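Next come the chains, spelled out residue by residue.
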Amino acid sequence: MSSQENSESLPEAQATAHGAVETAGDPFADPGLPAHKPRIQDIDERAAKRSERAVAFLFFLSMVATVGFIASYVIFPVDKIVFIFPFGHVSVLNFALGLTLGVALFCIGAGAVHWARTLMSDVEMPAERHEIAAPPEVKAQVLADFKQGAAESGFGRRKLIRNTMFGALALVPLSGVMLLRDLGTLPEDKLRHTMWSKGKALINMNTNEPLRPEDLTVGSLTFAKPEGLEETAEDFQTQIAKAALMLVRIKPEDIKDKRELEWSHQGIVAYSKICTHVGCPISLYEQQTHHVLCPCHQSTFDLSDGARVIFGPAGHALPQLRIGVNDEGYLEALGDFEEPVGPAFWERG
Amino acid sequence: MSTTTDARREAPAGERIADWADGRLGIYSLAKANMRKIFPDHWSFMLGEICMYSFIIIILTGVYLTLFFHPSMNEVVYDGSYVPLQGMHMSEAFNSTMHISFDVRGGLLIRQIHHWAALIFLAGMFVHMMRVFFTGAFRKPREVNWLFGFLLFVLGMFTGFTGYSLPDDLLSGTGVRFMEGAIMSVPIVGTYLSFFLFGGEFPGGDFVARFYSVHILLLPGIMLGLMVAHLILVFYHKHTQFAGPGRTNKNVVGMPLLPVYMAKAGGFFFLVFGVIAVVAAIASINPIWAIGPYRPDQVSTGAQPDWYMGFSEGLIRVMPGWEINLWGHTLVLGVFIPLVIFPLVLATIAVYPFIESWITGDKREHHIADRPRNAPTRTAFGVAWITWYMVLLIGGGNDLWATHFHLSINVITWFVRIAFFVAPVLAFVATKRICLGLQRRDAAKVLHGRESGIIKRLPHGEFVEIHEPLDANARYKLTAHEQYKPAEIGPTVDENGVARKISRTQKLRAKLSKGYFGEGNQIPKPTAEEYEEITSGHGHH
Ligand code: HEM
Ligand code: FES
């Protein structure tokens, strides 16, 4: 009934299991495998029948659930949402499909496990282990074979062949490395420039209209993008990742940084919205203190003091954009950012 | 009576098919060795199975998702059936994920099963790894398999990360941006790496397609190979087992593959799949429609990665924002240091088995699983590592802790910074003490028996609790573990009185060995003499 491996070690183990348990002298000796204790199903055919019915019932339930799955798929519309306590508003279809599939699968598993536990033999058997390492003769044979193979190849003797082969094998992957070159363009000075330039109007992100100084009230945070950047543009995401701007109005006397005041327009200051830590957009503004908070790792910048970092893991202040007003009274940029926006990098300097 | 040809004609169809296959594949020899292979039973041995089954579930559901998912960042305007997003600009990737969720019948279920299975897969691997660690199942001959398992865990993290980045939603995009920022912090080559990964500037139009091939082919392919190798080695080494009567280092005791283990393990696959399907039915995961498509200038508050990436989040959140500007270059230590610690945290647990085997110098095979208390220093190290990991997980959710428990972010950040260094040490000391206490209790049980709960009054009025002596089985179980002696450096002078050179590493090893096995670092097992003395007379109180 068992493989050779098992039956070999059986007699000995059983002898200890049923034989002298009190090994003379050593109170901690291995008493050997205990005798098998029969389960109720092993001795009572009625109990075994009950288990059989339970297993069959589980398998039957699984079949019913699969029929339920198919029925749900056909019956429930994909967009129907209902309220089911305590799960809230859920898609009926998802709910029904998941439950029926889950029950169908679970019952197969439960049936199989119950079958194994109650009806299949639970006699524990030992199997011998064999050492993983090869015996010395095998090792000696392998080493001899290898030496012979190596000698026949002349690998050790003909050094010229060997060395040129190593050279060729070492060089050939370079082709693969070369092929990776076009994975991306080179950084060059791309990270130093954004779409902002002298004369570009500041466009309100929400209304898509150019901003006037009057649109900005003390205490509000406004987001802006450069004129000419449309959501439909192919490189919109890449451009906005650098050009996103936030504007606040601070009473000029509250601005502590001299340059900040110079670069502002009547207390309206424009800063890069991209956090200098690892690039999340900043979104929270505390009106009283003029602090802005990055929601990603809580870096906090003081917009009334050159946007310096006052808390969190960011390493440097947010870059400021120099702004003014054009002839028609709209806010405009007076140039690009003077330093790279976003996370720091080696060439940033 | 019948001739051989007759016999062959009469053989049942199954046997004839098996004969056919045997003649070509040699299946009978294979089955002879394996069909009745013995597997030991213990609940903790099911953890590895959970991993294997969730991986299979992930592959099945993942293939289904590829039938509908479009790995493209081309911009489209949404006109699907989810009204709130209609008219919005989004990538095709997001659009097709919306399509899977709202227009493909059962699509949402499969998406949610895929994601839940990924979470369970990673959690399963973590706990499974800890099981192997705390029972010392990584010892010879299983070190290589420990590394395979560890690699699976690490690759699983990255497969998960690339997976949840695919829908190109606001949350995952934030995670990708985080990764870009981290790569950019690498000195000298960081900017180039980032440009090569994203095909230019972030986010560009390539990364979803690139992540896609990594997510569905490259990493799962490697993982499948590793998993097969892992299982072959489990089969080849045979399972470890806990010591017990009749269970020794030279055998494995349990039930045969056919039928018991096959039924239990096969059934367990369906149990795992069934539970995950029910979870996917009732608990939504990654509801991208509520999050919206990615925009580099927008963010949702409370952004959190999947749990297995949480510890890296913790690292980056609590690190002070150090930046050094020198000679026109920037060293972004505030991001680069966490990026370096991230693999170090993982490597710490991965290399432990090799350190332990160097300290013990033990070259023998070990097939008996240790009870964690019987290896106090190892157990303490493991708990210290988990503590370290958990501290970082807490750091990764510092904003959530702050809002839920009304604490200041500042307090939590400083707590994590200090705990990063201190908590593992405390955990180490506490765990070691607990282990030694448990060892003492085991020794007492062996010598004096177990407390029966029955109180007896002695003639002179004293109350004592009756201790029942243990039977031979229990005694064996509690004394079966081996105890090492600390390694000795040996005499510092040789037999000729010449000073012997003792290398630094030798000294270090002796010191560590004392810390592991020296006096006070393990409780000596009761000896037969002690036992005889106590049981042969006055011993019982
Ligand atoms: C270890 C293996 C894997 C892990 C941990 C994993 C994890 C994930 C996760 C967390 C997601 C995000 C799902 C969401 O919420 O939208 C995902 C998406 C996806 N995965 Fe996997 N995955 C694995 C293997 C695979 C394989 C083998 C395939 C295909 C053959 C696959 C195909 C996909 C596809 C097409 C998506 C995008 C569709 C969507 O997001 O709905 N995955 N994966
Ligand atoms: S990205 Fe802003 S704090 Fe990390």
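Residues numbered from 1 in each chain as written. Chains lettered and ligands numbered in written order. Predicted model: local features only at pLDDT ≥ 70, side-chain atom pairs only at ≥ 80, totals over all residues. Heavy atoms only, no water.

S.K.: What am I meant to see in the overall build of chain B here?
M.R.: Each helix and strand counted, chain B has 20 helices and 10 strands in total. Principal-axis analysis of the C-alpha atoms gives chain B an extent of 90 × 90 × 65 Å. Buried residues in chain B amount to 51% of all 541 residues. Looking at chain B alone, contacts between residues at least 24 apart form 74% of all its contacts between residues at least 6 apart. Carbon and sulfur atoms provide 67% of the accessible area of chain B, an area that totals close to 25,600 Å². Distance between charge centroids for chain B: 7 Å, based on 46 positive and 41 negative side chains. (Helix = DSSP H or I, 4+ residues; strand = E, 2+ residues; numbered from the N terminus. Buried < 20%, exposed > 50% of the residue type's maximum accessible area, 1.4 Å probe, protein only. Contact = heavy atoms within 4.5 Å. Areas by Shrake-Rupley, 256 points an atom, 1.4 Å probe, with all protein chains shown as cover. Lys, Arg positive; Asp, Glu negative; His and termini not counted. Charge placed at Lys NZ, Arg CZ, Asp CG, Glu CD.)

S.K.: I would appreciate a short explanation of the overall build of chain A in the present structure.
M.R.: On a plain count of helices and strands, chain A comes out with 9 helices and 14 strands. Here the C-alpha radius of gyration of chain A, 38 Å, is well above what a compact globule of 349 residues would show, namely 20 Å. For the C-alpha atoms alone, the extent of chain A along its principal axes is close to 105 × 80 × 55 Å. Split into buried and exposed, the 349 residues of chain A put 42% on the buried side. Of the contacts formed within chain A by residues at least 6 apart in sequence, a portion of 57% connects residues at least 24 apart. For chain A, the computed accessible surface area is about 19,000 Å², with 61% contributed by carbon and sulfur atoms. Here chain A holds 32 positive side-chain charges and 44 negative ones, and the gap between their average locations is 3 Å. (Rg over C-alpha atoms; globule rule 2.2 N^0.38 Å.)

S.K.: Whenever I open this one, the coordination of the iron atom of ligand 1 confuses me. Can you help?
M.R.: As a benchmark, a tetrahedral metal site with four donors has ideal angles of 109.5 degrees, while an octahedral site with six donors has ideal angles of 90 or 180 degrees. Residue and element names in this part refer to chain B. The iron atom of ligand 1 binds to the protein through H114 (NE2) and H215 (NE2); the donor distances cover 1.9 to 2.0 Å. Classification of the site at the iron atom of ligand 1 rests on its 6 donor atoms, whose angles at the metal span 86 to 179 degrees, yielding the label octahedral. With a gap of 101 residues between them, H114 in helix 6 (residues 107-134) and H215 in helix 10 (residues 207-237) connect regions that are remote in the sequence. Here H114 matches H215 in class, with each residue buried. (Donors = N, O, S within 2.8 Å, 3.2 Å for Na, K, Ca; no water. Tetrahedral: all angles 85-135°; square planar, octahedral: opposite > 155°, others 65-115°.)

S.K.: Help me out: how do you make sense of the sheet that holds strand 8 (residues 284-286) of chain A in this one?
M.R.: All names here are of chain A. The strand order 8-9-10-11 describes an open sheet built from 4 strands, whose pairing is antiparallel. Edge positions in the sheet fall to strand 8 and strand 11 (308-311), since each of these pairs with one other strand and no more. Sheet twist, expressed as the average angle between the axes of neighbouring strands with direction ignored, equals 30 degrees. Taken together, the 3 bridges between strand 8 and strand 9 (residues 291-293) define a ladder with antiparallel strand orientation. Across the sheet, residue E286 finds its bridge partner in strand 9, namely H291. (Pairing = 2+ DSSP bridges. Axes fitted to C-alpha atoms, helices over the stretch in contact; angles between N-to-C directions.)

S.K.: Even after reading the chapter, I still don't get the UniProt feature "domain: Cytochrome b/b6 N-terminal region profile" (unreviewed entry) in chain B, so can you show me in this structure?
M.R.: Mapped onto this numbering, the UniProt entry gives "domain: Cytochrome b/b6 N-terminal region profile" (unreviewed entry) at residues 17-243 of chain B. This span, residues 17-243 of chain B, is 68% helix and 4% strand, and a straight line between its end C-alpha atoms measures 42 Å. (UniProt positions renumbered as here; feature names shortened; annotations may be inferred.)

S.K.: Whenever I open this one, the packing of aromatic side chains confuses me. Can you help?
M.R.: Geometrically, a pair of aromatic rings is defined through the distance of the ring centres and the angle of the planes. Residues and elements named next belong to chain B. Taken as a whole, this structure holds 43 aromatic pairs over all chains when the rule is applied. Ring geometry for F39 versus F235: centroids 5.6 Å apart, planes at 65 degrees, classification edge-to-face. Within this pair, whereas F39 is found in strand 1 (residues 38-39), its partner F235 is found in helix 10, the two being separated by 196 residues in sequence. According to the relative accessible area criterion, F39 is buried, its value standing at 7%. (Phe/Tyr/Trp six-rings, centres within 6.5 Å; stacked < 30°, edge-to-face > 60°.)

S.K.: Can you walk me through the side chain of B:S54 in this structure?
M.R.: Tracing the backbone shows B:S54 in helix 4 (residues 46-66). Those residues in contact with B:S54 that sit more than four places away from it in its chain are B:A117, B:I120, B:F121 and B:I276.

S.K.: I keep staring at a nonpolar patch on the surface and nothing clicks. Help me out?
M.R.: Residues and elements named next belong to chain B. Among the surface-exposed residues, L147, V351, F354, I355, W358, L508 and L512 lie close enough to one another that they form a single nonpolar patch of about 550 Å² accessible area. Of all the secondary-structure elements, those providing two or more residues to the nonpolar patch are helix 14 (333-360) and helix 19 (504-517). Among the elements that line the nonpolar patch, the one with the most residues is helix 14, at 4 residues. Topologically, L147 is positioned in helix 7 (residues 143-165). (Patch = residues over 30% accessible without salt bridge, like charges linked within 9 Å, V, L, I, M, F, W, Y side chains within 5 Å. Salt bridge = Lys/Arg side-chain N within 4 Å of Asp/Glu carboxyl O.)

S.K.: I'm lost on the UniProt feature "domain: Rieske" (unreviewed entry) in chain A in this one. Help?
M.R.: The residues that UniProt annotates with the feature "domain: Rieske" (unreviewed entry) are residues 242-332 of chain A. In residues 242-332 of chain A, helix accounts for 9% and strand for 33%; the two terminal C-alpha atoms are 17 Å from one another.

S.K.: I tried to follow the site of ligand 1 on my own but got confused; where do I start?
M.R.: Residues and elements named next belong to chain B. Surrounding ligand 1, one finds 25 residues, the nearest of these being R111, H114, H115, H215 and N286. Within the contact set of ligand 1, a nitrogen atom lies 2.7 Å away from a side-chain nitrogen or oxygen of H215. Here an oxygen atom of ligand 1 and a side-chain polar atom of N286 are 2.9 Å apart. The set of elements that each furnish at least two residues to the shell around ligand 1 consists of helix 4, helix 6, helix 7 and helix 10. With 6 residues, the top contributor of residues to the shell around ligand 1 is helix 4. Here the residues of the shell around ligand 1 sort into 14 nonpolar, 10 polar and 1 charged. (Near = heavy atom within 4 Å. Polar contact = N/O pair within 3.5 Å; in protein donor to acceptor, adjacent residues only side chain to side chain. Nonpolar A, V, L, I, M, F, W, Y, C, P; charged D, E, K, R; others polar.)

S.K.: Whenever I open this one, the interface of chain B and chain A confuses me. Can you help?
M.R.: Interface size, as often reported, equals the accessible area lost upon joining of the parts. Taken together, the contacts link 111 residues of chain B with 95 residues of chain A. When chain B packs against chain A, the two sides together hide about 8,700 Å² of surface, and 63% of this comes from carbon and sulfur. At the junction of chain B with chain A, the criterion picks out 3 salt bridges. Inspection of the region where chain B meets chain A yields 28 residue pairs in polar contact (both at pLDDT 80 or more). Looking at the side of chain B that touches chain A element by element, the count peaks at 16 residues for helix 11 (residues 257-282) of chain B. Bridge analysis of strand 3 (residues 125-128) of chain A against strand 5 (residues 251-256) of chain B gives 4 bridges, and the strand direction is antiparallel. Its bridge partner being in strand 5 of chain B, A:P126 is matched across the sheet by B:V253. (Buried area = accessible area lost by both parts, 1.4 Å probe.)

S.K.: I would appreciate a short explanation of the packing of helix 14 of chain B against helix 15 (residues 376-396) of chain B in the present structure.
M.R.: When two helices pack together, their arrangement is given by the angle between the helix axes and by the axis-to-axis distance. All names here are of chain B. Here helix 14 crosses helix 15 at 175 degrees, and the two axes come no closer than 11 Å. As the angle between them shows, helix 14 and helix 15 are arranged roughly antiparallel. Contacts from V345, T348, I349, Y352 and E356 in helix 14 reach R378, F381, W385, W388 and L392 in helix 15. (Parallel < 35°, antiparallel > 145°, perpendicular 65-115°, else oblique.)

S.K.: Help me out: how do you make sense of the state of the cysteines in this one?
M.R.: Each disulfide consists of one covalent bond between the sulfur atoms belonging to two cysteines. Residue and element names in this part refer to chain A. What the rule picks out here adds up to 1 disulfide over all chains. The disulfide bridge from C280 ends at C296, spanning 1.9 Å between sulfur atoms. Handedness of the C280-C296 disulfide follows from its S-S torsion of about -75 degrees: it is left-handed. Here the residue C280 occupies a position in the loop between strand 7 (268-272) and strand 8, and C296 occupies one in the loop between strand 9 and strand 10 (300-302), the gap between them amounting to 16 residues. You can call C280 buried: its relative accessible area is 4%. (Disulfide = S-S within 2.5 Å.)

S.K.: What should I look at first to understand the sheet that holds strand 1 of chain B in this one?
M.R.: Spatially, the 3 strands line up as an open sheet ordered 3(A)-5(B)-1(B), and their pairing is antiparallel. A single partner strand is all that each edge strand has here, and the edge strands are strand 3 of chain A together with strand 1 of chain B. Against the sheet, helix 11 of chain B contacts strand 1 and strand 5 of chain B, and its axis sits at roughly 75 degrees relative to strand 5 of chain B.

S.K.: Please explain the nonpolar core as it appears in this structure.
M.R.: One recurring pattern in soluble globular proteins is that nonpolar side chains are buried together. In this structure, B:F121, B:F153 and B:M157 are the most contacted members of the largest nonpolar core, which totals 91 residues. Of all the elements, helix 6 of chain B adds the most residues to this core, at 16 residues. With near-sequence residues (within four places) excluded, B:F153 lies in contact with B:L122, B:M125, B:F126, B:M129, B:L346 and B:Y389. By size, the runner-up hydrophobic cluster in this structure holds 19 residues, among which are A:V248, A:I255, A:V269 and A:V292. (Core = buried A, V, L, I, M, F, W, Y, C linked by side-chain atoms within 4.5 Å.)

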